[in-house]
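Notes for the structure review
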Amino acid sequence: MTLQSSPPGSHLLAKSWAAGGAEPSLSPAQQRLVVVSNRVADLTAPVQSGGLATGLGAAINTLGGVWFGWDGNRDGKTGGPLKVCQHGPVTCVGAPISPEDFSAYYLGFANSVLWPLFHYRPDLVDISSGSFDGYMRVNEVLAQQLFPILKPDDLIWVHDYHLIPLPSMLRKLGCRQRIGYFLHIPFPPPELMSATPHHGCLVDALLNYDLLGFQTDGDAENFKSYLRKHKPEVTISQKRVQTETRTIRIDRFPIGIDVTEFSALSRQRLRDTSLAEKPKNATPRKRIIGVDRLDYSKGLPERFRAFHDLLQRYPAHLRKVSFLQIAPLTRAEVEAYNDIRVEVEQLAGSVNGHFADLDWTPVQYICRPIARDILAPLMRQSAVGFITPLRDGMNLVAKEYVAAQDPDDPGVLVLSQFAGAAEEMTDALIVNPYDIESVAAHLDRALTMPLGERRERHAALLRHVTEFDAKRWADSFLEALRGD
Ligand code: GDG
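Residues numbered from 1 in each chain as written. Predicted model: local features only at pLDDT ≥ 70, side-chain atom pairs only at ≥ 80, totals over all residues. Heavy atoms only, no water.

All right, on to empty space enclosed by the protein then. Throughout the structure, instances matching the rule amount to 3 cavities of 30 Å³ or more. By volume, the largest cavity amounts to about 80 Å³. As for the largest cavity, its lining consists of 14 residues, and the residues nearest its centre are Gly411, Val412, Leu413, His458 and Leu461. In terms of residue class, the lining of the largest cavity is made up of 8 nonpolar, 3 polar and 3 charged. Looking at the second largest cavity, its volume works out to about 40 Å³. Lining the second largest cavity are Phe118, Ile164, Tyr181, Leu183, Phe187, Leu206, Leu212 and Phe214. (1 Å grid on protein atoms, 1.4 Å probe; cavity = no way out; pocket = protein on both sides within 12 Å on 5 of 7 lines; lining within 4 Å. Points joined across faces, edges and corners; volume = space filled by probe spheres on them. Nonpolar A, V, L, I, M, F, W, Y, C, P; charged D, E, K, R; others polar.)

Below, the structure is given as structure tokens:
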């Protein structure tokens, strides 16, 4: 999910209660929101990163509620004592997971099977024995630990691919509350879904939810196509699926960002002068910026190749442009992530080796997280936001780049057609990331676009990002979950 600057879960250690012990004192609000995600968001962080924390933060702070998930530590005992911490009206509850279960559930089935398959990369799937069992076991224990905390009127909102089987386990325990699910990543077409081990069991589990939310219409359609092909017993209409026992609502809820917060952050002065300072007498250079977790789904090698092609075929940009790619490491224990790291480092080095001069380094590649209050002004200063994933559920960075721009002199967003965001952000320059020459041509167009066209495109994008922001995402999901 979204990246956090402090170790997730580290704030949960304030108090603990034994599993199965007395119920902790929770907010007295009538209908509480219970959010369940792989990790509990750090509600103590002064500025939350990403739409999940900001969107849900607003909703959960208004309704009051519980945020339940893994406590973020890797040396726990699955099923051991929960860690509880109160932040205003929100009770954060962290569950421990043992190193073996973490390996099977998180590194194994979630991130070596589901993540690559759902991002259309069956070639990167690594099915190790026991990973599915570990995935199911962790979901089962989480359900057992969550169930005693629930109140009859709770609204339960489960997030992402780590927790697909959770509702069937909760239902078995007797949970009758309304449960909604939001998938942050793409839902693949039926041919790929059916390549997922135990796909029938996973989809049966999804049919225990009351609401299934996807990022795009395409994802919701893929899910329904799978049902048409593999579950002929269910009745499917535009926004509903009827099983023998349940009516499930299906819809798209494109996630958004907190535009006001990010825009304000982008207007702050850069405090990291090493990134802001230009050498004396330097020619003014336009900056192209990319910000992504270092993940093979983000299309980084293709992006570096396109930048190389730009310099090769459009020499007018030589010495006048630089490309800053920020790509903090994630999931480093998964082999495919090491491979992509090596490849990206080689490509960054090769562009610089080819084109750099004593006073010009065309590529700046930073493989560590950069603080959010530096990231936002950097985006504002950049002439091009270069966001070209090979596949992405939504892509919040595309929305952050738009929010960060000066409306009087905005930069241009170059966006992959395979990001969920492309379904809505049609005023960006939409590119096919595999077509290197065409991406380079679009970069050239972005760098030379007249001010009038930049303003027009940006105004349309900003209107959209502002209307469909993080709060609207959370409010519309919860409204649908309540059945309003
Ligand atoms: C998943 C889906 C979907 C990145 N580097 C730094 C940093 N970030 C922040 C960005 C942005 C967030 O992390 C990344 O969000 P994305 O949406 O781009 O991507 P995923 O992490 O893959 O998220 C995705 C999302 O869930 C939400 O539903 O859009 O499709 O894959 O907020 O700014 N933040 C800081 N330093 C960094 O170096 N501070």
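From this point, things continue past the structure.
Mapped onto the elements, Ser37 comes out in strand β2 (residues 33-39). Once the C-alpha coordinates of Ser37 and Trp157 are considered, the two residues, 120 residues apart in sequence, prove to be 8.5 Å apart. Filtering out sequence-adjacent residues up to four positions away, Ser37 remains in contact with Trp67, Phe68, Gly69, Trp70, His159 and Leu163. Here the side chain of Ser37 touches Arg39 through a polar contact of 2.5 Å, landing on its backbone oxygen. A distance of 3.0 Å separates the side chain of Ser37 from the side chain of Trp67, its partner in a polar contact. (Helix = DSSP H or I, 4+ residues; strand = E, 2+ residues; numbered from the N terminus. Contact = heavy atoms within 4.5 Å. Polar contact = N/O pair within 3.5 Å; in protein donor to acceptor, adjacent residues only side chain to side chain.)

Within the secondary structure, Gln215 is located in the loop between β8 (211-214) and α7 (217-230). Given a relative accessible area of 2%, Gln215 falls into the buried group. Side-chain polar atoms of Gln215 contact the backbone oxygen of His184, separated by 3.0 Å. Polar side-chain contacts of Gln215 include one of 3.2 Å to the backbone nitrogen of Ile255. Sequence-distant contacts of Gln215, defined by excluding residues within four places in its chain, comprise Phe182, Leu183, His184, Arg252, Phe253, Pro254, Ile255, Gly393 and Met394. (Buried < 20%, exposed > 50% of the residue type's maximum accessible area, 1.4 Å probe, protein only.)

Here we come to unusual backbone geometry. Of note in this structure, Arg319 is not a glycine but carries a positive phi near 70 degrees. With respect to the secondary-structure elements, Arg319 resides in the loop between α10 (300-313) and β13 (321-326). Assessed through its relative accessible area of 32%, Arg319 is described here as partly exposed. For Asn395, which is not glycine, the phi torsion reads 95 degrees and is therefore positive.

A few words on the nonpolar core. Nonpolar side chains in soluble globular proteins tend to end up buried together. Among the nonpolar cores identified, the biggest contains 96 residues, and Phe68, Leu166, Phe223 and Ile288 are the most heavily contacted of them. In terms of residues, this core owes the most to one element, helix α2 (residues 99-118), which gives 11 residues. For this core, the domains that each give at least three residues are domain 1 (2-256 + 470-482) and domain 2 (259-467). Look past the residues within four positions of Ile288 in its chain and what remains in contact with it is Phe307, Leu310, Val321, Ser322, Phe323, Leu324, Val384, Phe386, Leu443 and Leu447. In this structure, Leu56, Ala403, Leu461 and Leu478 belong to the second largest nonpolar core, which totals 56 residues. (Core = buried A, V, L, I, M, F, W, Y, C linked by side-chain atoms within 4.5 Å. Domains from an automatic or database assignment.)

On to the side chain of Ser98, then. Considering the arrangement of structural elements, one finds Ser98 in the loop between β5 (90-95) and α2. Take Ser98: its relative accessible area is 9%, and that puts it in the buried class.

Moving on to the sheet that holds strand β15 (residues 384-387). Taken in spatial order, the 6 strands make up an open sheet running β14-β13-β12-β15-β16-β17, and their pairing is parallel. Looking at the sheet topology across the chains shown, the edges are occupied by β14 (363-366) and β17 (429-431). Geometrically, the sheet is characterised by an average inter-axis angle of 20 degrees between neighbouring strands, direction not taken into account. Pairing analysis gives 4 bridges linking β13 to β14, with the strands arranged parallel. In the sheet register, Leu324 faces β14, and the bridge partner there is Gln364. Contacts from helix α13 (residues 396-404) reach β12 (286-291), β15 and β16 (412-416) within the one sheet, and its direction differs from that of β16 by about 170 degrees. (Pairing = 2+ DSSP bridges. Axes fitted to C-alpha atoms, helices over the stretch in contact; angles between N-to-C directions.)

Now for the site of the ligand. Residues in close proximity to the ligand total 24 residues, the closest being His184, Ile370, Asp392, Leu396 and Glu400. Within the contact set of the ligand, a nitrogen atom lies 3.5 Å away from a backbone nitrogen or oxygen of Arg372. Taking Asp392, its side chain carries an N or O atom lying 2.6 Å from an oxygen atom of the ligand. For the ligand, whose accessible area on its own is 730 Å², the fraction buried by protein is 98%. Those elements that provide at least two residues to the shell around the ligand are α12 (372-381) and α13. No other element matches the 3 residues that α13 contributes to the shell around the ligand. Residue classes in the shell around the ligand are distributed as 14 nonpolar, 5 polar and 5 charged. When residues of the shell around the ligand are assigned to domains, at least three map to each of domain 1 (2-256 + 470-482) and domain 2 (259-467). (Near = heavy atom within 4 Å. Areas by Shrake-Rupley, 256 points an atom, 1.4 Å probe, with all protein chains shown as cover.)

This part takes up the packing of α2 against helix α3 (residues 131-146). For the pair α2 and α3, the least separation of the axes is 8 Å and the interaxial angle reads 115 degrees. The angle between α2 and α3 places the two elements in the roughly perpendicular class. Judged by the sense of rotation from one axis to the other, the crossing of α2 with α3 is left-handed. In contact with Asp101, Ala104, Tyr105, Gly108, Phe109, Ala110 and Leu114 of α2, α3 contributes Ser131, Phe132, Gly134, Tyr135, Arg137, Val138 and Asn139. When its residues are assigned to classes, the contact of α2 with α3 shows 8 nonpolar, 4 polar and 2 charged. (Parallel < 35°, antiparallel > 145°, perpendicular 65-115°, else oblique. Left-handed = near helix turned anticlockwise from the far one by under 90°.)

Among the 9 residues of α13, 9 are classified as buried, and the element is accordingly described as predominantly covered. Looking at α13, one finds that the buried residues are Leu396, Val397, Ala398, Lys399, Glu400, Tyr401, Val402, Ala403 and Ala404. In this structure Asn395 caps α13, since a side-chain oxygen of it lies 3.0 Å from the backbone nitrogen of Val397.

Read these as layout, nothing more, since geometry by itself doesn't imply function.
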